[in-house]
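Each chain, letter by letter, is given below.
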Amino acid sequence: MLKQSLIAKTQGKANDNQVVQIGDVRITVLTPRLIRVEKGGFTDLASYAVWFRKFDAPKFKSESKGKIITVETSEVIFTVKSGKPYSVYFKDTKKTELFSKQKNLKGTRRTLDQTFGKVKLNDGLITEGGAYLLDDSTSMLLDDSGHFVKRQDGASDYYAFAYGKNYRETIKAFYQISSPAPLIPRFALGVWWSRYHAYTQKEYLDLMQEFKKREIPLTVATVDMDWHWVRDIDKKFGVKYGGWTGYSWNSELFPDYKEFLQRLKDYNLHITLNLHPADGVHSYEDMYEDMARAVGINPETKKKVDFKCGDDDFWNAYFDVLHKPYERDGVDFWWIDWQQGEKSDVNGLDPLNALNHYHFLDNAESGQMPLILSRYAGLGSHRYPLGFSGDTAMNWRVLDFQPYFTSTASNAAYSWWSHDIGGHHMGYRDDDLYMRWLQFGVFSPIMRLHSTAIELLGKEPWKYKTEVYRYAKAWLKLRHAMIPYIFTMNYRTHEQGISLCEPMYYSYPEIEQAYNVPNQYMFGSELMVCPITSPQHKSLNMGSVEAWLPKGRWVDIFTGRSYTGEQEIVLFRDLNSIPVLARQGAIIPLSLDEGNSVDNPKSLEIWAFSGNGTFTMIEDNSKTDYANHRAKTEFSISYCDNKVTFTIKAAQGDLSVIPSRRNYTVKIKDLIKDGKSVEFSIENADITQDIVFELDGVKRKQNENPHDEVIRILSRWQEKSNKKNNAYKPFENLYGVDEIRSANKKARLPKEVKLAIDEILSV
């Protein structure tokens, strides 16, 4: 039988008062807006997508007339026709939606491998009409002993969601029946180094030293498949085999792998190794004898140990013999690189489902927060973060697709995609492309630099021109500093079901423009990101992005420029910036600790923006018992009548997981007093005491004088001097926004120059 750590705790059988059976149709009312409808065979086992059905029963009544069954709850009326959900009537909006007529807003897909731009996505749980029908009829089931089993042929199994345009509630309902998104370990939220390259032990350690010397903080060291024997295996071991699968360290490249792992630990790095497990365990592997005996093979036969999804002995030995020893040596988690199709020795079981499921459960055995890096395997895959999106080409089309791809995955309840930042292979070298990809990576779920083995494609920042290297270093340091903010949002995903990167229409479902900015997204509760994913305008040496600003006041955290929604606008930025806009009253905690530590920080810098807002930072002990060992620190800001108050409340919860005293620097980014930025600081503060900063006589920073801004834009314009001077004359004595806007409409300027002037007039 499977070892206990590989058996998940599910609760598939609903309470009796949730269920009504009419003939060969069984209906389970899960929430007032979610029902399950089965026909032709019932099961109370968990499926890959749905683990939980036992809830307090909402009030409902059902009625049957011929082949039509209606189920009425306090909020909707479902119609079931011939054993399949047909329509839903929404009592709040007085609308009826047919499940078959819904426009799906899409979800995600298994991989972006070998893609060169936009590709089709599978359907998600979100539709414009707010009704979604999940067909779970063909998914594998999980029995109580932890095995994947095929369900009864011919049986149908549907889940009808009816949450209208409250998209977050749809996703929360799915998490409720499928299980919450797990917490991501804190170290995974920093900067990863990854490359498909046959490093030697010395080369890899020298590279880590170089990152440290240059003060570029890494938190995860990835070693791709060449950590094990890959090449010339037939010559070395007399086995005719390609070498993708392997479990024995390549001693020619890594003469002392234990020392290698320890040195990486000395650099304060967490370690993952790449796996291609499809080809089993060959006789040349170091652990072959133990593995063979564990599955009942005589080692003297040299018979290969096949990869078998349906063999308990194999799974137990797979982890205990092949992986646990390396974990004791220092490997923190595994990168499961399954590329060998969707069939296994278990009828109907995709091996990727089994690998993700068992690897994630097994990684929790140590008591640390579990983690894997693998590919998406359908609804329910959110339980097994992180997602590896595959090998993409280095071109602008790929970058332009990734922000949409990342945030839209929220519709499939999949929050934690990890891309090859900078692109993997092919394409072309473009320093501007690298910079823009890096900026998106900083504001994406996982910041993992990666490339293929070709010597000239490495993503080391110092391999780019001096200006880009300097910018890249600052951006990577910013990502590391943002871990306190991102980790708190990680908790929000786990507890509230809200993705870190979320499409704009989740926050503004009734506004048409929110659906028309596919690359724009919310990054946590405080920030809105508009990544630049196209080449620079050579005429201005600036990039641009079409954006929609929702109602309210928004401040760019990098330029300080403020905007007032609601408006559609083209935003222009230098190569060293993308539009990242903070909402009114936003609060963003950053770590000021030096180096690459991912400990809960001793020193914090807090960026705040005028308005009224509260942010509760969450920190824990990085173990699976986090619920009993976490601390919360609440920050709040209020701004009224030229007075600002910023409060740091006494920390609550298990204070042993955070420093007993802290250094705080608070920067109110959009306020000034007497021409100076507003900033407060306190050193060695007692975390058990409230801290209150107050200041009168402050005011909001104003955007630059529009006349001076016109001069700035036209000065940047790459054009003949005489032509520039003539173009400036209509603006020369204009200082008001309206008159400059009027002059700009009539001006004979390139489109991008006119749009750049329009931006500076948007207040």
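The preceding data block contains the structure.
Residues numbered from 1 in each chain as written. Predicted model: local features only at pLDDT ≥ 70, side-chain atom pairs only at ≥ 80, totals over all residues. Heavy atoms only, no water.

1. Considering the overall build of the protein chain
Next up, step 1: Along the protein chain, the regular secondary structure elements total 16 helices and 37 strands.
Next up, step 2: Relative to its length of 763 residues, the protein chain is compact, with a C-alpha radius of gyration of 28 Å against a globular reference of 27 Å.
Next up, step 3: Burial analysis of the protein chain (763 residues in total) assigns 60% to the buried set.
Next up, step 4: Counted over contacts in the protein chain with a minimum sequence separation of 6, partners at least 24 positions apart contribute 69%.
Next up, step 5: Total accessible area on the protein chain stands at roughly 30500 Å², and carbon and sulfur atoms take up 46% of it.
Next up, step 6: Between the centroid of the 98 positive side chains of the protein chain and the centroid of its 99 negative side chains there is a distance of 5 Å. (Helix = DSSP H or I, 4+ residues; strand = E, 2+ residues; numbered from the N terminus. Rg over C-alpha atoms; globule rule 2.2 N^0.38 Å. Buried < 20%, exposed > 50% of the residue type's maximum accessible area, 1.4 Å probe, protein only. Contact = heavy atoms within 4.5 Å. Areas by Shrake-Rupley, 256 points an atom, 1.4 Å probe, with all protein chains shown as cover. Lys, Arg positive; Asp, Glu negative; His and termini not counted. Charge placed at Lys NZ, Arg CZ, Asp CG, Glu CD.)

2. Let's talk about the pattern of salt bridges
Next up, step 1: Enumeration over the complete set of coordinates arrives at 49 salt bridges.
Next up, step 2: Notably, a salt bridge pairs Glu72 with Lys61, separated by 3.9 Å at the nearest N-O pair. Of this pair, Glu72 sits in strand S6 (residues 68-73) while Lys61 sits in strand S5 (residues 60-65), and the two are 11 residues apart along the sequence.
Next up, step 3: Here Lys61 falls in the exposed class, since its relative accessible area comes to 53%.
Next up, step 4: Here the salt bridges do not stand alone but share partners, grouping Arg26, Arg36, Glu38, Asp44, Asp136, Arg151 and Asp157 into one network. (Salt bridge = Lys/Arg side-chain N within 4 Å of Asp/Glu carboxyl O.)

3. Comments concerning the sheet that holds strand S25 (residues 543-556)
Next up, step 1: In spatial order, the strands read S22-S23-S24-S27-S25-S26; together these six strands make up an open sheet with antiparallel pairing. The sheet is open, and its two borders are formed by strand S22 (501-503) and strand S26 (562-573), each paired with just one other strand. When the angles between neighbouring strand axes are averaged without regard to direction, this sheet yields 25°.
Next up, step 2: Looking at chain direction, S25 and strand S27 (residues 580-583) are connected through three bridges and run antiparallel. What sits directly across from Trp554, in S27, is Arg583.
Next up, step 3: Lying over the sheet, helix H8 (residues 396-408) contacts S22 and strand S23 (521-523), oriented at roughly 90° with respect to S22. (Pairing = 2+ DSSP bridges. Axes fitted to C-alpha atoms, helices over the stretch in contact; angles between N-to-C directions.)

4. Things to note about the packing of helix H13 (residues 706-716) against helix H16 (residues 751-760)
Next up, step 1: Packing of H13 against H16 brings their axes to within 10 Å, and their N-to-C directions diverge by 155°. Relative to H16, the element H13 is oriented roughly antiparallel. Handedness of the crossing formed by H13 with H16: right-handed. Contacts between H13 and H16 pair Pro706, Glu709, Val710, Arg712, Ile713 and Leu714 from the former with Val753, Ala756, Ile757 and Ile760 from the latter. (Parallel < 35°, antiparallel > 145°, perpendicular 65-115°, else oblique. Left-handed = near helix turned anticlockwise from the far one by under 90°.)

5. Points about helix H7 (residues 351-363)
Next up, step 1: Over its 13 residues, H7 runs 18 Å from end to end, which matches the ideal 18 Å to within 8%, given 1.5 Å per residue.
Next up, step 2: Of all the 13 residues making up H7, 13 are buried; the element is thus mostly covered by neighbouring parts of the structure.
Next up, step 3: You can read the cap of H7 off the contacts: a side-chain oxygen lies 2.9 Å from the backbone nitrogen of Leu352, and it is on Asp350. (Expected span 1.5 Å × (residues − 1). Polar contact = N/O pair within 3.5 Å; in protein donor to acceptor, adjacent residues only side chain to side chain.)

6. Details of the nonpolar core
Next up, step 1: In this structure, Phe161, Trp315, Phe443, Phe523 and Phe646 are the most contacted members of the largest nonpolar core, which totals 212 residues.
Next up, step 2: In terms of nonpolar packing, the next biggest core, distinct from the first, is built from 20 residues, Phe572, Leu714, Ala747 and Leu749 among them. (Core = buried A, V, L, I, M, F, W, Y, C linked by side-chain atoms within 4.5 Å.)

7. Let's talk about the packing of aromatic side chains
Next up, step 1: Here the structure, examined in full by the defined rule, presents 57 aromatic pairs.
Next up, step 2: Taking the centre distance of 6.4 Å and the plane angle of 25° together, the rings of Phe635 and Phe646 count as stacked. Of the two residues, Phe635 sits in strand S31 (residues 630-640) while Phe646 sits in strand S32 (residues 643-648), which places them 11 residues apart along the sequence.
Next up, step 3: We classify Phe646 as buried; its relative accessible area is 0%. (Phe/Tyr/Trp six-rings, centres within 6.5 Å; stacked < 30°, edge-to-face > 60°.)

8. Here we look at H13
Next up, step 1: Inspection of H13 places Pro706, His707, Glu709, Val710, Ile713 and Leu714 among the buried residues, and these make up the whole buried set. Down the axis of H13, the smallest arc covering the buried residues is 160°, so these residues share one side.
Next up, step 2: Residues of H13 that are buried in the fold lie against helix H14 (721-728), helix H15 (737-746) and H16.
Next up, step 3: With a side-chain oxygen lying 2.7 Å from the backbone nitrogen of His707, the N-terminal cap of H13 falls on Asn705. (Arc of directions from axis to C-beta.)

9. Some words on the sheet that holds strand S3 (residues 34-39)
Next up, step 1: Taken in spatial order, the five strands line up as S1-S2-S3-S13-S10 in an open sheet, and their pairing is antiparallel. Both outer strands of the open sheet, strand S1 (19-22) and strand S10 (131-135), are each paired with one neighbouring strand and no more. Each strand axis lies, on average, 20° off the axis of its neighbour in the sheet, ignoring direction.
Next up, step 2: Running at roughly 140° to strand S13 (residues 156-162), helix H1 (residues 167-178) makes contact with strand S2 (25-31), S3, S10 and S13 of the sheet.

10. Side note on the pairing of strand S17 (residues 333-336)
Next up, step 1: By the alternation rule, side chains of S17 split into Phe333 and Trp335 and Trp334 and Ile336, which are all buried.
Next up, step 2: Here strand S16 (residues 270-275) pairs with S17 via four bridges, running parallel. Paired with Thr272 across the strands is Phe333, a residue of S17.
Next up, step 3: Pairing geometry for S17 and strand S18 (residues 372-373), over two bridges, is parallel.

11. Regarding unusual backbone geometry
Next up, step 1: Cis geometry is found at the peptide bond from Pro385 to Leu386, where omega equals 20°.
Next up, step 2: Gly565 connects to Glu566 through a cis peptide bond whose omega is 15°.
Next up, step 3: Tracing the backbone through its elements, the reader meets Glu566 in strand S26.
Next up, step 4: We note that Glu215 has phi near 60°; this positive angle belongs to a residue other than glycine.
Next up, step 5: Positionally, Glu215 belongs in the loop between helix H2 (201-213) and strand S15 (220-223).
Next up, step 6: Unlike most non-glycine residues, Met426 shows phi in positive territory, near 50°.
Next up, step 7: Among the structural elements, Met426 can be located in the loop between strand S20 (417-418) and helix H9 (431-442).

12. What to know about the side chain of Thr108
Next up, step 1: Relative to the helices and strands, Thr108 is located in the loop between strand S9 (95-98) and S10.
Next up, step 2: Residue classification places Thr108 among the buried positions, given a relative accessible area of 1%.
Next up, step 3: Looking at Thr108, its side chain comes within polar contact range of the side chain of Trp417, at 3.0 Å.
Next up, step 4: In this structure, Thr108 is in contact with Leu121, Asn122, Tyr376, Phe405, Ala409, Ala412 and Trp417, ignoring residues within four places of it in sequence.

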